[in-house]
Amino acid sequence: MLLGAVEAGGTKFVCAVGNENGEVLERIRIDTTTPEETLSKVFEFFKEREVEAIGLGFFGPLDLNEKSETYGYITTTPKEAWRNYDVLGAFKDNFQLPVVLDTDVNAACMGEAVWGAAKGLKNCLYLTIGTGVGGGAMVDGNLVHGMLHPEMGHILLRRHSDDDFQGICPWHKDCLEGMVSGPALIKRIKGKDVMELKEEDEVWEFYAYYLAQALVNYILILSPEKIILGGGVMKQEHLLKKIQFKVKELLADYVAHDNVKDGIEGYIVLPGLGDNAGISGGLALAKKALLNK
Ligand code: ZN
């Protein structure tokens, strides 16, 4: 079974062909420019290959309500050329195949649930901390969409008393994304090289504090069985431990489960699929679409 997957981000699109075991057999990278230019290259790639279904993990926000007139559109993105663009329609016009669209983070969550760190679990959460911050959640085996889809990066937090950083979210200033995204980090350290920051720099204390608060909220609301943290900021290896420690501290023994009490190292983890979580998730979405056809 050959499946197609697209991981669409603000700077690049990754297109891949893989199989039903989540193995990526071939991939290309396309720069994100205008929808017409970028997608014509994407379509060309898939037209030369015999895929049976295509799974799309896209930057958003997206309209994922099947009853909506603008179902399958990218909506209020800051990337102007893509605003109100019917991305699902463009694929459906070009391919007589099952095509399924979801957010990039929901796709990554799905990939991790099918083949990665949350394999076999029906309740898990994937959070990326990179250019932006966003989360995808699976509850009882289904990706959560709801009214539109969760926007976990924009939750509001209690501020660290020693932190005077303003936050850079254009809408909320000091929401989670405004405080801990990659661009927020660059602004915080004012031109210093991230790689030269010491592990004990107070910046990481702030990062752990805000990310742990976010995870505590997600744990209390969604009760995930596994939490997976991806994205460029998590390449700072020491950060994971700091977050795990802080989550335990903030939960303060209230959640009496071994995952939190003794097993936090196995509960809050990095992606099992590494940087392939998103693209494998696209394959998982395609596989599911084919099975449900
Ligand atoms: Zn925000």
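Residues numbered from 1 in each chain as written. Predicted model: local features only at pLDDT ≥ 70, side-chain atom pairs only at ≥ 80, totals over all residues. Heavy atoms only, no water.

Asker: Explain the sheet that holds strand S3 (residues 24-31) to me, and be specific about the residues and the numbers.
Answerer: Strand order in the open sheet made by the five strands is S3-S2-S1-S4-S7, with mixed pairing throughout. Each edge of the open sheet is held by one strand with a lone partner, namely S3 and strand S7 (99-103). The average angle at which neighbouring strand axes cross in this sheet is 15°, direction not considered. The strands touched by helix H2 (residues 87-94) are strand S1 (2-8), strand S4 (54-58) and S7; relative to S7, the strand with the most contacts, the crossing angle is about 160°. Lying over the sheet, helix H10 (residues 277-291) contacts S1, strand S2 (12-19), S3, S4 and S7, oriented at roughly 130° with respect to S1. (Pairing = 2+ DSSP bridges. Helix = DSSP H or I, 4+ residues; strand = E, 2+ residues; numbered from the N terminus. Axes fitted to C-alpha atoms, helices over the stretch in contact; angles between N-to-C directions. Contact = heavy atoms within 4.5 Å.)

Asker: Account for a nonpolar patch on the surface, with residues named and values stated.
Answerer: Together, Leu220, Ile221 and Tyr254 give the surface a local cluster of nonpolar side chains, amounting to about 410 Å² of exposed area. According to the relative accessible area criterion, leucine 220 is partly exposed, its value standing at 47%. (Patch = residues over 30% accessible without salt bridge, like charges linked within 9 Å, V, L, I, M, F, W, Y side chains within 5 Å. Areas by Shrake-Rupley, 256 points an atom, 1.4 Å probe, with all protein chains shown as cover. Salt bridge = Lys/Arg side-chain N within 4 Å of Asp/Glu carboxyl O. Buried < 20%, exposed > 50% of the residue type's maximum accessible area, 1.4 Å probe, protein only.)

Asker: Could you give an account of the sheet that holds strand S9 (residues 133-139), with specific residues and numbers?
Answerer: Backbone-to-backbone hydrogen bonds pair the strands of a sheet. The strands run either parallel or antiparallel. Pairing within the open sheet is mixed, and its five strands lie in the order S10-S9-S8-S11-S12. Only two strands of the sheet have a single partner each, and these edge strands are strand S10 (142-143) and strand S12 (268-269). Relative to S9, strand S8 (residues 124-129) is paired through six bridges, and the arrangement is antiparallel. Its bridge partner being in S9, isoleucine 129 is matched across the sheet by valine 133.

Asker: How would you summarise the environment of threonine 75 if you had to cite specific residues and measurements?
Answerer: By secondary structure assignment, the location of threonine 75 is in the loop between strand S5 (73-74) and strand S6 (85-86). Along the chain, threonine 75 and leucine 62 lie 13 residues apart, while their C-alpha atoms are 5.5 Å from each other. Look past the residues within four positions of threonine 75 in its chain and what remains in contact with it is Pro61, Leu62, Asp63, Arg83 and Asn84.

Asker: Break down the side chain of serine 280 for me, citing the residues and quoting the values.
Answerer: Relative to the assigned elements, serine 280 resides in helix H10. Residue serine 280 is classed as buried on the basis of its relative accessible area of 3%. Beyond its immediate sequence surroundings of up to four residues, serine 280 is in contact with Gly22, Gly111, Trp115 and Leu273.

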